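Residue strings, one per chain:
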Amino acid sequence: MAARLMSVDVETIVVGAGAVGLAVGRCLAMAGQEVMLLEQHALIGSETSSRNSEVIHAGIYYPPGSLRARLCVRGKELLYRFCAESNVAHARCGKLLVATHESQLPKLAAIKDTAERNGVTDLEPLGANAARALEPELACVAALISPSTGIIDSHGYMLALEGHIEARGGSLVLRCPVERIGHTGDGLYRLITGGEAPGIIACRNLVMSAGLFASKLARTLRFDAGYGVPETYYAKGQYYALSGPSPFKRHIYPTPHGAWLGLHATVDIGGRCKFGPDIEWIAEIDYGFKPEKLEQFLSFIRSYYPGLDASRLHPDYTGIRPKLYREGEPVPDFAIHGPQMHGLPGLVALYGIESPGLTASLAIGEMVAGMLARP
Ligand SMILES: Cc1cc2nc3c(=O)[nH]c(=O)nc-3n(C[C@H](O)[C@H](O)[C@H](O)COP(=O)(O)OP(=O)(O)OC[C@H]3O[C@@H](n4cnc5c(N)ncnc54)[C@H](O)[C@@H]3O)c2cc1C
């Protein structure tokens, strides 16, 4: 009970220590704010940020002018610079976006056009022979090569961000679930935290970067009439890893199916090849792996990698995308809601930060720091 009465005052709190929360925390700390990150788990990046493809996306697919497009392209530039300066393992390995059937050629041309409108002007079309000269195991009728696509050690990235925050006097509190948030007339947010050391922490600025739990957390706050907290839906993706040497040097992406980028082959920073993620809409957070999906994976992967030896594939992991739409509905943009949207001063709420959130994280941080800049 005594712990419940404890009150700590901090200028700015970020709830959630995934890649985005950490990047936001770093940008705020660099801007001179006193920052504290609160994370419910015992380790940083225990949810979506450690369960993704780790691809540094070029910014190819997203609607021109959207936050996803702009923050991806800007984020990619910031991320490469950050990785180089902070010794985070990464590689500008490139990717091939492939058409496996003539019917996909118009889609490939449309993607090149979208990429150019997003400022990604380095895509080059390749014929089947040129693509196979680069990646001899590949089967395709044509491809686009994206030289600025890369790969990152996402955990090393998050550790480096944590180091930057702490070097600027910021702090990270682990095992600190935020259960409720109140906003009072004195302009402060009061966060009721649970876990091992329950307490109340007051701050003037608050960033909710809670990933899959964004809507649940936001609903504990009382907003002005007229603001509705967006609903978060879940779409799980599963990965298989390939044992032995990777057949590819670059990532191989099939032509997207709607908003789903297809079962791609990625080569991680250790040279390991994995395939995924698929997409399965789920009602509750559940990271369980479904081995019965193997046949579906095999037939999809063989469309561009016919030499696949099934005995080399083994279950890897799953990740869950926080979606702001139901299956089949139009795909909305990232939702980064500041006071103009919800009416509460000093509050930024992030919802639906799915792919390319890892790539965009530093640009999201830059944007949020701008929204919370001191007058
Ligand atoms: C299958 C898959 C593949 C992807 N591939 C890529 C890719 O290749 N490239 C790319 O750029 N992006 C990719 N993404 C997207 C990227 O992984 C995410 O956009 C990014 O990791 C989101 O980071 P985050 O910090 O917002 O969320 P998270 O990593 O989920 O972090 C949110 C944190 O908030 C904490 N939290 C929540 N509620 C509370 C609370 N009440 N109190 C305290 N803590 C709380 C959680 O524990 C969690 O640690 C992929 C996503 C998925 C699912």
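Everything that follows concerns the structure shown earlier in this document.
Residues numbered from 1 in each chain as written. Predicted model: local features only at pLDDT ≥ 70, side-chain atom pairs only at ≥ 80, totals over all residues. Heavy atoms only, no water.

### Digging into the environment of His 342
Within the fold, His 342 resides in helix 9 (residues 339–342). For His 342 and Leu 138, which are 204 residues apart along the polypeptide, the C-alpha to C-alpha distance reads 49 Å. Not counting chain neighbours up to four residues away, the residues in contact with His 342 comprise Phe 223, Asp 224, Tyr 227, His 337, Leu 347 and Val 348. Among the polar contacts listed, one links the side chain of His 342 to the backbone oxygen of Leu 347, at a separation of 2.9 Å. (Helix = DSSP H or I, 4+ residues; strand = E, 2+ residues; numbered from the N terminus. Contact = heavy atoms within 4.5 Å. Polar contact = N/O pair within 3.5 Å; in protein donor to acceptor, adjacent residues only side chain to side chain.)

### Let's talk about the nonpolar core
The biggest cluster of nonpolar side chains holds 43 residues, and the ones touching the most others in it are Val 24, Tyr 157, Ile 336, Leu 350, Ile 364 and Val 368. For this core, the elements supplying multiple residues, two or more each, are helix 2 (19–30), strand 2 (35–38), helix 3 (67–86), helix 6 (154–167), strand 20 (347–351) and helix 10 (357–371). Considering each element in turn, this core owes the most residues, 8 residues, to helix 2. With residues near it in sequence (within four places) discarded, Leu 350 still touches Val 20, Val 24, Val 207, Met 208, Ser 209, Ala 214, Ala 335, Ile 336, Ile 364 and Val 368. One finds Leu 191, Leu 206, Ala 214 and Leu 221 within the second-largest nonpolar core, a separate group that totals 28 residues. (Core = buried A, V, L, I, M, F, W, Y, C linked by side-chain atoms within 4.5 Å. Buried < 20%, exposed > 50% of the residue type's maximum accessible area, 1.4 Å probe, protein only.)

### A look at the site of the ligand
Around the ligand there are 40 residues in total, and Glu 39, Ser 49, Val 55, Ile 353 and Thr 359 lie nearest to it. In this structure, Val 20 approaches the ligand through a main-chain N or O atom, which is 3.0 Å from an oxygen atom. Measuring from an oxygen atom of the ligand, one finds a backbone N or O atom of Leu 358 at 3.3 Å. Those elements giving two or more residues to the shell around the ligand turn out to be helix 2, strand 18 (313–323) and helix 10. Among the residues making up the shell around the ligand, the classes are represented as 18 nonpolar, 16 polar and 6 charged. (Near = heavy atom within 4 Å. Nonpolar A, V, L, I, M, F, W, Y, C, P; charged D, E, K, R; others polar.)

### Focus on the sheet that holds strand 3 (residues 55–56)
The antiparallel open sheet is built from 3 strands, whose spatial order is 3-8-4. For this open sheet the edge positions go to strand 3 and strand 4 (90–91), each flanked by a neighbour on one side alone. Summarising the sheet, strand 4 and strand 8 (residues 150–152) pair through 2 bridges and their orientation is antiparallel. Directly across from His 90, in strand 8, lies its bridge partner Ile 152. (Pairing = 2+ DSSP bridges.)

Keep in mind that these numbers describe shape and distance, not what the molecule does.
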